Amino acid sequence: MSWYEIVNEQDLRQCDLLPGIEVPLFVAPPPAVREDDELPYDVFTMDAIVLTQSCDLDNAKVTSAVVAQYVEWSKVVRSEGYTNAEKRRKEQARIRKGTVAHYAILCEMPGVLPWSVVDFRQLFTVPVDYLRSRAIELGERVRVNSPYRERISHDFAGYFSRVALIDEPVDFDKWNPPQPTNVSPALGQ
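**Q** Looking at this model, I keep getting lost on the overall build of the chain. Mind explaining?
**A** The helix and strand tally for the chain stands at 5 helices and 7 strands. Along the chain, from the amino end to the carboxyl end, the secondary structure elements read β-β-β-α-β-α-α-β-β-α-β-α. Summarising the internal contacts of the chain: among those between residues at least 6 apart in sequence, 68% fall at separations of at least 24.

**Q** Would you take a moment to explain the pattern of salt bridges for this structure?
**A** Working definition: two side chains of opposite charge can pair if their charged atoms are close together. Applying the stated criterion across every chain yields a total of 12 salt bridges. Where Asp155 meets Arg151, a salt bridge forms, and the shortest distance between an N and an O atom there is 3.0 Å. Pair noted here: Asp155 and Arg151 are both in helix α5 (residues 148-161), with a separation of 4 residues, about one helical turn. Under the relative-accessibility criterion, Arg151 is labelled partly exposed at 37%.

**Q** In this structure, what is going on with the nonpolar core? I would like to understand it.
**A** One broad trend across soluble globular proteins is that nonpolar side chains are buried collectively. Core analysis: the biggest nonpolar cluster contains 19 residues, and Tyr4, Ile49, Leu106, Val118, Phe120 and Ile152 have the highest contact counts within it. Going through the elements one at a time, β4 (64-72), β5 (103-106), β6 (116-127), β7 (141-144) and α5 are the ones with two or more residues in this core. Considering every element that reaches this core, the biggest residue donor is α5, with 3 residues.

**Q** Which parts of the structure should I look at to understand the packing of aromatic side chains?
**A** The description of two aromatic rings rests on the distance between their centres and on the angle between their planes. For the coordinates displayed, the defined rule picks out 7 aromatic pairs. Aromatic pair Phe120 and Phe156: ring centres 5.3 Å apart, planes at 45 degrees, arrangement tilted. Residue Phe120 is found in strand β6, and its partner Phe156 is found in helix α5; the two are separated by 36 residues along the sequence. Taken as a pair, Phe120 and Phe156 share a single burial class, namely buried. On the numbers, 5.8 Å between centres and 40 degrees between planes, the contact of Phe156 with Phe160 is tilted. Of this pair, Phe156 and Phe160 both sit in helix α5, 4 residues apart, which is roughly one turn of that helix. Exposure remark for Phe156: the relative accessible area of 16% places this residue in the buried category. Each residue in the set Phe120, Phe156, Tyr159 and Phe160 is aromatic and connected to the rest through ring pairs, giving one cluster.

**Q** Would you explain helix α3 (residues 85-97) in this entry?
**A** The α-helix winds at 3.6 residues per turn, so residues separated by three or four positions along the chain end up facing the same way. Between the first and last C-alpha of α3 there are 18 Å, a value that for 13 residues agrees with the 18 Å anticipated at 1.5 Å per step. Among the residues making up α3, those that are buried are Glu91, Ala93 and Ile95. Those residues of α3 that are buried lie in contact with α2 (73-80), β5 and β6. If you check the start of α3, you find a side-chain oxygen 2.7 Å away from the backbone N of Glu86, and it comes from Asn84. A positive backbone phi angle near 85 degrees is found at Gly98, which sits one or two residues after α3.

**Q** What is the right way to look at a nonpolar patch on the surface in this model?
**A** Together, Phe26, Val33, Leu39, Tyr41 and Val43 make up a nonpolar patch on the protein surface, roughly 490 Å² of accessible area in all. Checked against the element boundaries, Val43 lands in strand β3 (residues 41-50).

**Q** Just checking my understanding: could you explain the side chain of Asp155 for this structure?
**A** Relative accessible area serves as the criterion here: at 11%, Asp155 is assigned to the buried category. Setting aside residues no more than four positions away along its own chain, Asp155 makes contact with Ala101, Ala104 and Phe120.

**Q** Please explain the sheet that holds β5 as it appears in this structure.
**A** Reading across the sheet, the 5 strands line up as β2-β3-β4-β6-β5 and stay open at both edges, with antiparallel pairing between neighbours. Looking at strand neighbours, the two that pair on one side only are β2 (17-26) and β5, the edges of this open sheet. The average angle at which neighbouring strand axes cross in this sheet is 55 degrees, direction not considered. Across 3 bridges, β3 lies against β4 in antiparallel orientation. Bridge pairing in β4 links Ala48 to Gln69. Each of β4, β5 and β6 touches α2; the most contacted strand, β4, lies at about 75 degrees to it. Packed onto the sheet, α5 meets β3, β4, β5 and β6 and runs at close to 80 degrees relative to β6.

About the thresholds
Residues numbered from 1 in each chain as written. Predicted model: local features only at pLDDT ≥ 70, side-chain atom pairs only at ≥ 80, totals over all residues. Heavy atoms only, no water. Helix = DSSP H or I, 4+ residues; strand = E, 2+ residues; numbered from the N terminus. Contact = heavy atoms within 4.5 Å. Salt bridge = Lys/Arg side-chain N within 4 Å of Asp/Glu carboxyl O. Buried < 20%, exposed > 50% of the residue type's maximum accessible area, 1.4 Å probe, protein only. Core = buried A, V, L, I, M, F, W, Y, C linked by side-chain atoms within 4.5 Å. Phe/Tyr/Trp six-rings, centres within 6.5 Å; stacked < 30°, edge-to-face > 60°. Expected span 1.5 Å × (residues − 1). Polar contact = N/O pair within 3.5 Å; in protein donor to acceptor, adjacent residues only side chain to side chain. Patch = residues over 30% accessible without salt bridge, like charges linked within 9 Å, V, L, I, M, F, W, Y side chains within 5 Å. Areas by Shrake-Rupley, 256 points an atom, 1.4 Å probe, with all protein chains shown as cover. Pairing = 2+ DSSP bridges. Axes fitted to C-alpha atoms, helices over the stretch in contact; angles between N-to-C directions.

In structure tokens, the structure reads:
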């Protein structure tokens, strides 16, 4: 079973890889603007992976899709400072196991895609029509196959839904909730 397939079609699917996507990044903090002023922005070019569900794209339920950037592992090594070989190996293992919440792994596809990671820390919504036009412009592109596509979706859901939990659970033995004053006969009381 292969992680990827090469496709050449207009249809978009979840986990299609679209290199060279341009997205606006608003200048922060924006200067004081009047109602008729345009907000200042820069254009950021990135290699994007589509995160929106395929069924929503197929059935025109969305006009914009959520995308994240994917980055070559060698660039992550430099930017994160993983200069020590042992540290690199440990981080690679953590990413493979899914314990680095903001990354999902993209395995190497020799001659097409080096080892890479999807970075969930910065998400963008991009018009579907723009993504489709980029897909047509690219011609052949990489699509992540099932079940690896579902793994990336699962990793994204885990990152997006994570919450900080209290360190100690409530001790229900010590909890003494107030007793109800009017109990319905339907409840058997």
